[in-house]
Amino acid sequence: MASHVFMVFFCLILNVLTLFPYITDAASCESNGPNSPAYNPSGTQAILTVNNFGPDGDGGDPSECDGNYHPLPQRVVALSTGWYNGGSRCGQMIRITARNGRTGVAKVVDECDSTQGCDKAHANQSPCKTNIVDASETVWNDLGLNTDDGEVPVTWTMA
């Protein structure tokens, strides 16, 4: 009887340890909502993140705008769901300004989905925050920024 109780207890503990990462990450898979901060033609505050839009990159599926991958050295971005606005900015150029005063221009090719994530189409990443400009490494280099910083405040406008 004691060995049976031990086995049940052992299996219960094993199940909890196996499921723990999924339980703790569940909140990070929740939607951040479809609305981004209002676009300001004089400069919209955002957080710049880095993404590899190539076929072996961390961006998941091909870009929403054209169904293609965009490997380096292309200057491309994905905008949070609200700014992406159902694809209305696809193919358009935006100007990004870093706090160091440097600017760069990049083409909108994708949505940084703030409503869905944690699946194959999103490379198992959490949904984006609602204020993200997700840029290729080339854009970061143009701005004189270090991709190891991960997230940096910027402003952006339509170019």
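Note that the coordinates shown come from a computational prediction; the quantities given were computed from them, not determined experimentally. (Residues numbered from 1 in each chain as written. Predicted model: local features only at pLDDT ≥ 70, side-chain atom pairs only at ≥ 80, totals over all residues. Heavy atoms only, no water.)

Participant: What is the right way to look at the nonpolar core in this model?
Facilitator: Soluble globular proteins: nonpolar side chains tend toward being buried together. Membership of the largest hydrophobic core comes to 20 residues, with the highest contact counts inside it found for Leu48, Val77, Leu79, Ile94, Ile96, Val133 and Trp156. Counting residues per element, the ones that place at least two in this core are β1 (44-50), β2 (76-80), α2 (81-84), β3 (93-98), β4 (103-112), β5 (132-135), α3 (137-142) and β6 (151-158). In this structure Ile94 touches Val77, Leu79, Gly104, Val105, Ala106, Val108, Val133, Trp156, Thr157, Met158 and Ala159, once residues within four positions along its chain are discounted. Among the nonpolar cores identified, the runner-up in size contains eight residues, and Val76, Val109, Cys112 and Ile132 belong to it. (Core = buried A, V, L, I, M, F, W, Y, C linked by side-chain atoms within 4.5 Å. Buried < 20%, exposed > 50% of the residue type's maximum accessible area, 1.4 Å probe, protein only. Helix = DSSP H or I, 4+ residues; strand = E, 2+ residues; numbered from the N terminus. Contact = heavy atoms within 4.5 Å.)

Participant: Got a minute to help me understand the sheet that holds β1 in this structure?
Facilitator: Where strands meet in a sheet, backbone hydrogen bonds hold them as pairs that are either parallel or antiparallel. Ordered in space as β1-β5-β2-β4-β3-β6, the six strands form a closed barrel in which the pairing is mixed. On average, adjacent strands in this sheet sit at an angle of 45° to one another, irrespective of strand direction. Judged from the four bridges that link them, β1 and β5 form a sheet pairing that is parallel. The residue of β5 that forms the bridge with Val50 is Ala135. (Pairing = 2+ DSSP bridges. Axes fitted to C-alpha atoms, helices over the stretch in contact; angles between N-to-C directions.)

Participant: Just to check I follow, could you spell out the state of the cysteines for this structure?
Facilitator: Note on terminology: a disulfide is the covalent bond linking the sulfur atoms of two cysteines. Scanning all chains against the criterion turns up three disulfides. Between the sulfur atoms of Cys29 and its disulfide partner Cys118 the distance amounts to 2.0 Å. Its S-S torsion of about -95° marks the bond between Cys29 and Cys118 as left-handed, since a negative value means left-handed. With Cys29 in the loop between α1 (2-25) and β1 and Cys118 in the loop between β4 and β5, the pair connects residues that are 89 residues apart, well separated along the chain. The exposure class assigned to Cys118 is partly exposed, which follows from its relative accessible area of 27%. The disulfide partner of Cys112 is Cys128, and the gap between their sulfur atoms is 1.6 Å. What sets the handedness of the Cys112 and Cys128 disulfide is the S-S torsion sign, and at about -40° it is left-handed. (Disulfide = S-S within 2.5 Å.)

Participant: Got a minute to help me understand the side chain of Ser114 in this structure?
Facilitator: The topology assignment puts Ser114 in the loop between β4 and β5. Those residues in contact with Ser114, other than ones at most four positions away along the chain, are Ser31, Asn32, Gly33, Pro34, Thr81, Pro127, Cys128, Lys129 and Thr130.

Participant: Looking at this structure, how should I read empty space enclosed by the protein?
Facilitator: Gaps between atoms show up when a probe of the same size as a water molecule is rolled over them. Summed over all chains, the structure comprises one cavity of 30 Å³ or more. Taken as a whole, the largest cavity encloses approximately 50 Å³ of empty space. For the largest cavity, the lining is made up of 13 residues, of which Phe53, Gly59, Asp61, Tyr69 and Asp110 are closest to its centre. The residue inventory of the lining of the largest cavity, partitioned by class, reads three nonpolar, eight polar and two charged. (1 Å grid on protein atoms, 1.4 Å probe; cavity = no way out; pocket = protein on both sides within 12 Å on 5 of 7 lines; lining within 4 Å. Points joined across faces, edges and corners; volume = space filled by probe spheres on them. Nonpolar A, V, L, I, M, F, W, Y, C, P; charged D, E, K, R; others polar.)

Participant: It is not clear to me how the packing of aromatic side chains should be interpreted in this structure. Could you clarify?
Facilitator: Aromatic rings in a pair are described by how distant their centres are and how their planes are angled relative to each other. Inspection of the entire model under this criterion finds two aromatic pairs. Note on Tyr39 and Trp156: the rings are 4.9 Å apart at their centroids and 40° apart in plane angle, and the pair reads as tilted. Taken together, the positions of Tyr39 in the loop between α1 and β1 and Trp156 in strand β6 put the pair 117 residues apart, joining distant regions of the chain. Note on Tyr39: relative accessible area 27%, which makes it partly exposed. Residue Trp156 is classed as buried on the basis of its relative accessible area of 0%. Between the aromatic rings of Trp83 and Trp156, the centroid separation amounts to 5.3 Å while the plane-to-plane angle is 70°, which identifies the pairing as edge-to-face. Taken together, the residues span a long stretch of sequence, with Trp83 in helix α2 and Trp156 in strand β6 at a distance of 73 residues. Each member of the pair, Trp83 together with Trp156, is buried. Chaining the aromatic ring pairs together yields one cluster made of Tyr39, Trp83 and Trp156. The ring of Tyr39 has Arg89 sitting right over it, with the charged end atom 4.8 Å from the ring centre. (Phe/Tyr/Trp six-rings, centres within 6.5 Å; stacked < 30°, edge-to-face > 60°. Lys NZ or Arg CZ within 6 Å of the ring centre and 35° of its normal.)

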